[in-house]
Amino acid sequence: MHSVKKINEDLYWVGVNDRKISLFENVYPVERGMSYNSYLLLDEKTALFDTVDSVASLQFLENVEFVLGDRELDYLIVNHMEPDHCANIGAIVAKYPQVKIVGNIKTFVMMSQFFDFDIDSRKVVVKEGDTLNTGKHTLTFVMAPMVHWPEAMVTYDTVDKVLFSADAFGSFGAMSGNIFADECDFENKWIDDARRYYTNIVGKYGVQVTNLLKKASALEISKICPLHGPVWRKNLGYIIDKYTKWASYTPEEKGVLIVYGSVHGHTENAAEILAGLLGDRGVADIEVLNASTNHYSKIISESFKRSHIVFACATYNMSLFPPIQSALHELAEHNLQNRSFAFIENGTWTPASAKLMSEILEKLKNNKIIEPKVTVKSALNADSYAALEKLADAIADDIKA
């Protein structure tokens, strides 16, 4: 049986929710599952926008068949060739052999690597600004390279003002009955997953996302239809503002994230004490994360959210405690900028983690280090506690400034 949703008079969501998945891309924990969105336009010519992951093929094909009824599928528009969206291209071609496939040059290069059906006889190659008329609707294609693959593009319906945004404006999480952001309390129930999705999947490519946002700003948009997560039809400025901040590496909040890696609890104690000292100094937004029990994707997400980040790390095998080392390398890979960092190190005989942490982060742009670097030798004492107080003063003053 079908599970479709009507978006406009002649536009339908034919996607699928996956509640069995535990790791998206076999990396990112998704406790609330994932949605794979696909959209079907019924006009004089019919057009399907992307497909879904292979785990959801049966339901997806039933959805498409139900909406089409006895009609043929004329066009399959491929905005993104990643397998969670393109896996069913072959199945669509087998079921609707007359379908034309719309994509850009890079789309078809990748398609030939994934599939072995006759692509050339079906392909319709488009470039920036090209249009496709389906009858009442005219679709315009906008290239979005590296958001987040080089072939990515978005499609804009000039009649209904709908932006099919590919991986932009997406989110982790399966949807529960309601597919519109205004129906599902996005600000309270979805924003953390949306931020974690953006910062980890697309976050490295802030310049490219900014370029896409500039192109989108020239369009009159009534709805945003992403490939993951809810559809936007109201208060579009909210999510666009979030994306503008994330893409420009601008903190959402003046707050402090404290991430610690502790072997026997002494470094954890220093992190907890610093959090308390910051609270005493009027810092309202403080988040403390244990790097050993929080996936690095959450650390990256919370780092994009806040202006100040403190790493507290035990020296381990003359290097960094592995969960902190992993988180720092991932943070560097995701190109975080415009932040203030501070460090707490611990070591029983040769504390070295502050220097090592600084070396990983120094490649990032427009960041600064707040002094003092706090050194704990085994356990806190009067001197290291006093250093924590000085660091709390410096962070609180920097936030107020």
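The text that follows walks through the structure, step by step, so that each part is easy to find. (Residues numbered from 1 in each chain as written. Predicted model: local features only at pLDDT ≥ 70, side-chain atom pairs only at ≥ 80, totals over all residues. Heavy atoms only, no water.)

Re the nonpolar core
In step 1: Grouped together as the largest cluster of nonpolar side chains are 119 residues, with contacts concentrated most on I89, M111 and F311.
In step 2: In this view, F311 contacts V259, I324, L328, L331, F341, A342, F343, I344, M357 and L361; residues no more than four positions away in its chain are not counted. (Core = buried A, V, L, I, M, F, W, Y, C linked by side-chain atoms within 4.5 Å. Buried < 20%, exposed > 50% of the residue type's maximum accessible area, 1.4 Å probe, protein only. Contact = heavy atoms within 4.5 Å.)

Section: the sheet that holds strand β15 (residues 162-164)
In step 1: An order of β12-β13-β14-β15-β16 is seen for the five strands of this open sheet, with the pairing classed as mixed. Bordering the open sheet on either side are β12 (131-133) and β16 (223-225), each of which pairs with just one other strand. On average, each strand axis in the sheet is inclined to that of its neighbour by 20°, with strand direction left out of account.
In step 2: Pairing geometry for β15 and β16, over three bridges, is parallel. Paired with V162 across the two strands is K223, which belongs to β16. (Pairing = 2+ DSSP bridges. Helix = DSSP H or I, 4+ residues; strand = E, 2+ residues; numbered from the N terminus. Axes fitted to C-alpha atoms, helices over the stretch in contact; angles between N-to-C directions.)

Focus: the pattern of salt bridges
In step 1: On inspection of all chains with the given rule, the structure shows 24 salt bridges.
In step 2: A salt bridge links R195 to D192; the nearest nitrogen and oxygen atoms lie 3.0 Å apart. Taken together, the positions of R195 and D192, both in helix α6 (residues 191-202) and three residues apart, correspond to about one turn of that helix.
In step 3: Among the residues examined, R195 registers a relative accessible area of 2% and is labelled buried.
In step 4: Assessed through its relative accessible area of 44%, D192 is described here as partly exposed.
In step 5: Note that D398 is salt-bridged to K368, the shortest N-O span being 2.6 Å. Of this pair, D398 sits in helix α13 (residues 382-400) while K368 is found in strand β22 (residues 368-369), placing the two residues 30 residues apart along the sequence. (Salt bridge = Lys/Arg side-chain N within 4 Å of Asp/Glu carboxyl O.)

Some remarks on the side chain of E345
In step 1: Inspection of the secondary structure assignment puts E345 in strand β21 (residues 340-346).
In step 2: Summary of buried charges: E345 has no salt-bridge partner, and the nearest side chain of opposite charge, K377, is 8.4 Å away.
In step 3: Within the structure, the side chain of E345 is placed 3.3 Å from the backbone nitrogen of S353, a separation counted as a polar contact.
In step 4: There is a polar contact of 2.6 Å between the side chain of E345 and the side chain of T375.
In step 5: If we ignore the near neighbours within four places in the chain, the residues touching E345 are C313, P351, A352, S353, A354, K355, V374, T375 and V376. (Lys, Arg positive; Asp, Glu negative; His and termini not counted. Polar contact = N/O pair within 3.5 Å; in protein donor to acceptor, adjacent residues only side chain to side chain.)

Comments concerning empty space enclosed by the protein
Any empty space left between atoms is shown by rolling a water-sized probe over those atoms.
In step 1: Summed over the entire model, instances satisfying the criterion amount to two cavities of 30 Å³ or more.
In step 2: The volume enclosed by the largest cavity comes to roughly 50 Å³.
In step 3: As for the largest cavity, its lining consists of V154, L163, S165, A168, F169, L212, L213 and A216.
In step 4: Sort the elements by how many residues they give to the lining of the largest cavity and helix α7 (residues 206-217) lands first, with three residues.
In step 5: Each residue belonging to the lining of the largest cavity can be placed in one class, and the counts come to seven nonpolar, one polar and no charged.
In step 6: If you add up the space inside the second largest cavity, you get close to 30 Å³.
In step 7: Contributing to the lining of the second largest cavity are Y39, F49, D50, N79, F164, S165, A166, C225 and L227.
In step 8: Within the lining of the second largest cavity, the residues separate by chemical class into six nonpolar, two polar and one charged. (1 Å grid on protein atoms, 1.4 Å probe; cavity = no way out; pocket = protein on both sides within 12 Å on 5 of 7 lines; lining within 4 Å. Points joined across faces, edges and corners; volume = space filled by probe spheres on them. Nonpolar A, V, L, I, M, F, W, Y, C, P; charged D, E, K, R; others polar.)

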